[in-house]
Amino acid sequence: MRPLHVPVLRERCVELLAPALQREGSVMVDCTLGLGGHTEAVLAALPATRVIGIDRDPNALRLAGERLAPFGDRFVGVHAVYDEILDVIAAQGLDHVDGVLFDLGVSSMQLDVRERGFAYAEDAPLDMRMNDGTGMTAADVLNTYDEREIARILHQYGEEKFARKIARAIVREREVEPWTRSGRLVELLYAEIPAPARRTGGHPAKRTFQALRIEVNDEIDVLRRAMPASLQAVGVGGRVVVESYHSLEDRITKQVFAEATRLDVPPDMPFIPEGMEPPFKAVTRGAEKAVEPELTENPRAASVRLRAVERTHSDTTRRSPRP
């Protein structure tokens, strides 16, 4: 474990959330609690704020709870998936919150526990479930999906150029022996990805493992539901901050935020009629990226894209569509 792991863009996330969390009794939802690093920073910097931390991994909730115990009842952890954010808020007796934070992808804790099967650097069971008590595993995907579906997952979620070749080899090899261990999959990927391609773009297993993790945990469909729900969750002045590490995640976030901030009047209209203002405004200019020294100190920061919006008024007529 790395309990003192520093979250990506920690200070910038606190800075973006702070204007919405200044008043006494303000509430933030950390939709991807993990080890609680972002929540700890918010609670330490903003003493008027309480945080509801959501995570589907009961192990993460336990460890984060221990880390955040010094903050007492300013923190409450909830075992849920983040597309359930509106139900979680209602269960806490609230009709809105003031801030929502997403730090998408796999947590450092899950990568560090070998038995979870997220990391390709060590041989482990092919699990990859964020909630390791329920649902299909990565081995189930490799052993039951047909070749075309495996290729689609690798291409769409991993942006793997050799998706078809790898899928064909996976199906061929499972006829010899069912897939159970990550080490065997890494060996196959080394064999199937040509040597010139292996020399660029990081570890040759990175894209396949990412794709399997996203499929096992239904991450894209969950995010498509969670993004509009998070906008519904915040009151006037509330902010939603999202850190993405995958182009598809960032595209979904960008589309939902663009619709929520879109000015719905003819472009040649000389003024904005009252009531026609978009319900949200962009807080970041496009997607922000990490810079030095964080890029050197924290390799995970290399692919981060950070976006934020703020609710400017309540809106009962416009809804953010599912992308």
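The structure displayed is predicted, hence computed values, not measured ones.

A. Inspection of the overall build of the chain at higher detail. Helices and strands together make up the secondary structure of the chain, namely 14 helices and seven strands. Buried residues in the chain amount to 51% of all 323 residues. Across the chain, the fraction of contacts at a sequence separation of at least 24, relative to all contacts at a separation of at least 6, is 70%. When the accessible surface of the chain is summed, it comes to about 15300 Å², and 52% of that surface belongs to carbon and sulfur atoms.

B. Up close: the pattern of salt bridges. Under the criterion given, the structure shown has 22 salt bridges. With its nearest N and O atoms 2.8 Å apart, the salt bridge here joins Arg213 to Glu219. Under the relative-accessibility criterion, Arg213 is labelled buried at 10%. For the salt bridge of Arg307 with Asp250, the shortest nitrogen-to-oxygen distance reads 2.7 Å. On the criterion of sequence distance, the pair formed by Arg307 in strand E7 (residues 305-311) and Asp250 in helix H13 (residues 247-260) is long-range, its members being 57 residues apart. For the pair shown, Arg307 and Asp250 are each scored as buried. Among the charged side chains, a network of salt bridges with common partners joins Lys165, Arg172, Glu173 and Glu192.

C. Geometry of the sheet that holds strand E1 (residues 26-30). Read from one edge of the open sheet, seven strands run E3-E2-E1-E4-E5-E7-E6, paired in mixed fashion. What marks the edges here is a single partner per strand, and that holds for strand E3 (75-79) and strand E6 (280-282). Within this sheet the neighbouring strands show an average axis-to-axis angle of 20°, counted without direction. Relative to strand E5 (residues 234-244), strand E4 (residues 97-103) is paired through six bridges, and the arrangement is parallel. The residue bridging Gly99 from the neighbouring strand is Arg239, located in E5. Along the sheet, helix H3 (residues 58-68) contacts strand E2 (49-55) and E3; its crossing angle with E3, the most-contacted strand, is approximately 175°. Set on the sheet, helix H12 (residues 219-233) makes contact with E4, E5, E6 and E7; between it and E5 the angle comes to about 150°.

D. How the structure looks around the pairing of E2. In terms of burial, E2 is a largely internal element, six of the seven residues being buried. This β-α-β element, E1 to helix H2 (residues 37-45) to E2, shows right-handed connectivity. Of the crossover connections in this fold, the one passing from E2 over H3 to the parallel E3 is right-handed.

E. Examining the packing of aromatic side chains more closely. Considering all chains together, one arrives at one aromatic pair under this definition. Arranged with centres 5.4 Å apart and planes meeting at 90°, the rings of Tyr82 and Phe102 form a pair that is edge-to-face. In this pair, Tyr82 sits in the loop between E3 and helix H4 (85-91) while Phe102 sits in strand E4, placing the two residues 20 residues apart along the sequence. Pair check on accessibility: Tyr82 and Phe102 agree, each one buried. A cation over an aromatic ring shows up here: Arg184 above the ring of Trp179, its NZ or CZ 4.0 Å from the ring centre. The ring of Tyr245 is capped by Arg300, whose NZ or CZ atom sits 4.0 Å from the centre of that ring.

F. Region of the structure containing the nonpolar core. With 64 residues, the main nonpolar core has Tyr82, Phe102, Leu185 and Val240 as its most contacted residues. Ranked by residues supplied to this core, first place goes to H12 with eight residues. Non-local contacts of Tyr82, meaning those with residues more than four positions away in its chain, are made with Cys31, Thr32, Ile54, Phe102, Leu104, Glu219, Val222, Leu223 and Ala226. Within the second largest apolar cluster, 27 residues are counted, among which are Val14, Leu16, Ala18 and Val241.

G. View of H12. Compared with the 21 Å implied by 1.5 Å per residue over 15 residues, the 20 Å span of H12 between its first and last C-alpha is a close match. Residues of H12 that are buried include every one of Glu219, Ile220, Val222, Leu223, Ala226, Met227, Pro228, Ala229, Ser230, Leu231 and Ala233, and no others.

H. Inspection of unusual backbone geometry at higher detail. Of the consecutive residues Glu292 and Pro293, the connecting peptide bond is found in the cis state with omega at 5°. Of note in this structure, Leu9 is not a glycine but carries a positive phi near 50°. Inspection of the secondary structure assignment puts Leu9 in the segment before helix H1 (10-17). Judged by its relative accessible area of 9%, Leu9 is buried.

I. Representation of the confidence of the model for the chain in the model. Looking at the chain, pLDDT values average 88 and 86% of them are 70 or higher. Mean pLDDT in the chain bottoms out at helix H5 (residues 108-112), which sits at 48, and peaks at E1, which reaches 98. Contacts for the low-pLDDT stretch residues 317-322, under 50 throughout, to residues beyond four places or in other chains number 17 contacts.

J. Structural detail: the environment of Ala169. With respect to the element layout, Ala169 can be found in helix H8 (residues 163-176). Remark: the alpha-carbon pair of Ala169 and Glu147, spanning 22 residues in sequence, is separated by 9.0 Å. With sequence-adjacent residues up to four places away left out, Ala169 is seen in contact with Leu188 and Glu192.

Conventions we followed
Residues numbered from 1 in each chain as written. Predicted model: local features only at pLDDT ≥ 70, side-chain atom pairs only at ≥ 80, totals over all residues. Heavy atoms only, no water. Helix = DSSP H or I, 4+ residues; strand = E, 2+ residues; numbered from the N terminus. Buried < 20%, exposed > 50% of the residue type's maximum accessible area, 1.4 Å probe, protein only. Contact = heavy atoms within 4.5 Å. Areas by Shrake-Rupley, 256 points an atom, 1.4 Å probe, with all protein chains shown as cover. Salt bridge = Lys/Arg side-chain N within 4 Å of Asp/Glu carboxyl O. Pairing = 2+ DSSP bridges. Axes fitted to C-alpha atoms, helices over the stretch in contact; angles between N-to-C directions. Right-handed = clockwise from strand over helix to strand, strands pointing away. Phe/Tyr/Trp six-rings, centres within 6.5 Å; stacked < 30°, edge-to-face > 60°. Lys NZ or Arg CZ within 6 Å of the ring centre and 35° of its normal. Core = buried A, V, L, I, M, F, W, Y, C linked by side-chain atoms within 4.5 Å. Expected span 1.5 Å × (residues − 1). pLDDT = per-residue confidence, 0-100.

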